[in-house]
Structure formats: structure tokens, C-alpha cells
There are 2 protein chains.
Amino acid sequence: MTCALESPFGHANPERLFAWAGATASWPMRTDPGGSRGLDDYFTRDYARNIGAEIMGRNKFGPQRGPWQDHEWRGWWGDEPPFRTPVFVMTHHKRPSITLSDTTFHFVDSDPVTVLGQAREAAQGKDVRLGGGVTTIRQFLDADLVDTMHVAVSPVKLGTGLRLWELPDELLDRFHLEVVPSPSGVTHHLFWRK
Amino acid sequence: MTCALESPFGHANPERLFAWAGATASWPMRTDPGGSRGLDDYFTRDYARNIGAEIMGRNKFGPQRGPWQDHEWRGWWGDEPPFRTPVFVMTHHKRPSITLSDTTFHFVDSDPVTVLGQAREAAQGKDVRLGGGVTTIRQFLDADLVDTMHVAVSPVKLGTGLRLWELPDELLDRFHLEVVPSPSGVTHHLFWRK
């Protein structure tokens, strides 16, 4: 368990996966001044724009599986999570809500349509962000509940793991797609509904 | 004069110059729903983010030169200009301020440092946008008052007109530069201070 607690992406190194975002001036976890203001920064500073709630899968919230055993676990993000809105964590194992600074985590056991309804109400007219992981995004894509999607592909070979797609082209029946390479080496995939 | 009033960029067709922005969902002058949500939309929706004031040259505000003769002229943008902040128009010929909806135009006859000070105070902690045209941007670049800059180059041949630069590389002593081609055909140039 300790190993998993220190490795939110399993064998993948999150610092390498998110290096492109961490290098930007607008990275929400940034503690020092500086950072780049190029293309990647447009994507990181758009992160919170007009967002009123987030939906995430349980595996993004933490490494525990099955019934909650460690109620001390309050997510990866310390006392000031970067969401600053209500967050709906999809799990079959309910637990009381947790408030950390501007963020409140609610634990919900429902289908995507119902959870989206709850998140929409909480967002009070703003947009709802679907924060991952892969299983959760696939669920919402399969239910055709996604309007726009930004996927940043980092040049890191993981070998194994869940796949969001075989090829992004499989979404082209429903979405426009622009593929934008960044000087940082990451490739931004921008989808929006046809 | 009539000809100039209908042609804010002289012989250049503004619809062609701004076609990339007008096609996006976030274009502030958009009157119908729809529009693209790809790369170009990130730039148009960033237009107003954290902006508290704009500075523009007189030639952006309107076609009159010399002392103001037509006081009926209130800019190109109708009764609801897209700025929604105080706007400082640099001119040697002063006139009373004009308020149109959320935008107030102030006419100021000062050097860039002084005008930037006035705009900063009006912006109340937010950023100041330098909206053009070419002569004004060159003045502020020469005075080293620019922190970041987004220049969209449209694939339109004008032949004559003011040049912002011979080559963007002439700014590389002071700025980082990323050149990002968009699928729309426009090329975004992103500068930020070293």
C-alpha cells in the first residue's frame, strides 16, 4: 500500500507524465514564480475557466480498492486541492463528504447520467469537468455525455495500463479533432462534438 | 473618409484577417451559436482572462487623423464594445471620455510609461492588454514594457502597410518565442519575457 500511495499512476512516473504542465507559469500546484508562457500554458490556465464542478473516478481519488478502510485518506492533493469546486467521486462504496479548503469531495454510487445531473446542479450554470481516469472517461464517452475533450499525450512509454483508445480516430464519427504538437514534446488532442 | 470608415485596416479586409477568430465558439462578437472549439478557440477565449484595462493607439479607435472633428464617432464596435473595461486611447488630441455599456474610452496624451501607469491603476490588480495597432505596440516594445505577446499571422498578402517586425527573431534577445501553426492556416506567435 505504501508503494501505491507514493505512486498514483502505478509504474508510471507522474512527474514525467505532467512535466509539460508543471513547467508552465499557470500550473495550479506551482509554489515558485516563473514558468513558461507558451502554448502549454494556454492549456494549464484554461484548467479552471468557467468550471463549477469536477467528476472523477475513485482510482483518481486514491489507491484504495473495495470498501473504504483508511478514512484518513483525503486524496493526493494535501490541504489545498487544486479543484476549488465540488468534486463528485464515483465509487460503489459510499463515505461521508470531505471538505478541504475550497474543495468538497462527495462520494456517489450512480450511473454517469445521474452523476452528471448532480454535478451540473452543483456547478450552478458553469461547466462540469470530467477529470479522469481512463475508465471514467470511457464510461462518459460511451454514454455520449462529453461535449469537448483535451487529451495531452506525453512522450513516455508505459508498456502496460488502461487505454483511452486504440487510435483517437475512433472518435471521429462524433467529434472534430485537432492534433497540436507542442514544442515541449507533448501532443495536445482537442475534440469537440460535431 | 467614408471609405476609411468602412475599412478599418485600409486596403486589408478585416474579415479575412480575423476569419480564424470569427470561426471560433468564443469570438466575443459572435451572434449565433456554434463555432470551433479547437486550438484557435483557446486563444479567443483567453482574450478577456484577467484583463482589467486596454491600451490602444488612436488609429485602432478610428480613422480620423489630427484634431477631432467628428465627435459622433465612438469607435468601430457599436453600442457594446467587446472590451468591457476602461480603454486608454493614445492621442495628441484630447476629448472627453465616452462610456458605451461596460466599456469607457479615455483619451490620453502621454508617454507609454505614464499611460501604462494609468491603465494599471484602472485595472485594479488585473493585467493590462495592449491592443494595437502596430505603432503603439512598437512604442511599448521599444520602452521594454511588454511581458507577454500573442501575434496571430494570417495567410493574407497585404503588400504595403506598417510592419511589426522584419522577422520575429529580432525580439529573441528579450523574449522566448514559440511558433504554433493552427489547422486554420493562421500561425500563432507566443512571446514571453526571458
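On a predicted model such as this, the values are computed, not experimentally measured, just so you know.

Asks: Just to check I follow, could you spell out the sheet that holds strand β7 (residues 175-181) of chain B for this structure?
Replies: In a beta sheet, neighbouring strands pair by backbone hydrogen bonds and run either parallel or antiparallel. Residue and element names in this part refer to chain B. Here 3 strands make up an open sheet; going across it, the order is β6-β8-β7 and the pairing antiparallel. Edge positions in the open sheet fall to β6 (148-153) and β7, since each of these has one partner strand only. Across the sheet, the axes of successive neighbouring strands diverge by a mean angle of 15°, strand direction being ignored. As paired strands, β6 and strand β8 (residues 187-193) are joined by 6 bridges and run antiparallel to one another. Within the sheet, the bridge partner assigned to valine 151 lies in β8 and is histidine 189.

Asks: Is there a simple way to think about the side chain of histidine 188 of chain A in this case?
Replies: All names here are of chain A. Turning to its location among the elements, histidine 188 is positioned in strand β8 (residues 187-193). Within the structure, the side chain of histidine 188 is placed 2.8 Å from the side chain of aspartate 40, a separation counted as a polar contact. Within polar-contact distance, the side chain of histidine 188 engages the side chain of histidine 150 at 2.9 Å.

Asks: How should the interface of chain A and chain B be read in this particular structure?
Replies: Interface size, as often reported, equals the accessible area lost upon joining of the parts. Each side of the interface is counted separately: chain A has 17 residues, and chain B has 17 residues. Roughly 1700 Å² of surface becomes buried between chain A and chain B when both sides are summed, with 65% attributable to carbon and sulfur atoms. When residues of chain A are sorted by the area they lose upon contact with chain B, Arg37, Tyr42 and Trp192 of chain A head the list and together hold 32% of the total. The interface formed by chain A and chain B contains 2 salt bridges. Of the charged contacts in the structure, one is a salt bridge between aspartate 46 of chain A and arginine 45 of chain B, with a shortest N-O distance of 2.8 Å.

Asks: What should I look at first to understand the side chain of glutamine 64 of chain B in this one?
Replies: All names here are of chain B. Examined against the element boundaries, glutamine 64 turns out to sit in the loop between α5 (58-61) and β2 (86-90). Glutamine 64 sits in the buried class, given a relative accessible area of 6%. Polar contacts involving the side chain of glutamine 64 include one to the main-chain amide nitrogen of glutamine 69, which spans 3.1 Å.

Parameters at a glance
- Residues numbered from 1 in each chain as written.
- Chains lettered and ligands numbered in written order.
- Predicted model: local features only at pLDDT ≥ 70, side-chain atom pairs only at ≥ 80, totals over all residues.
- Heavy atoms only, no water.
- Pairing = 2+ DSSP bridges.
- Helix = DSSP H or I, 4+ residues; strand = E, 2+ residues; numbered from the N terminus.
- Axes fitted to C-alpha atoms, helices over the stretch in contact; angles between N-to-C directions.
- Polar contact = N/O pair within 3.5 Å; in protein donor to acceptor, adjacent residues only side chain to side chain.
- Contact = heavy atoms within 4.5 Å.
- Buried area = accessible area lost by both parts, 1.4 Å probe.
- Salt bridge = Lys/Arg side-chain N within 4 Å of Asp/Glu carboxyl O.
- Buried < 20%, exposed > 50% of the residue type's maximum accessible area, 1.4 Å probe, protein only.

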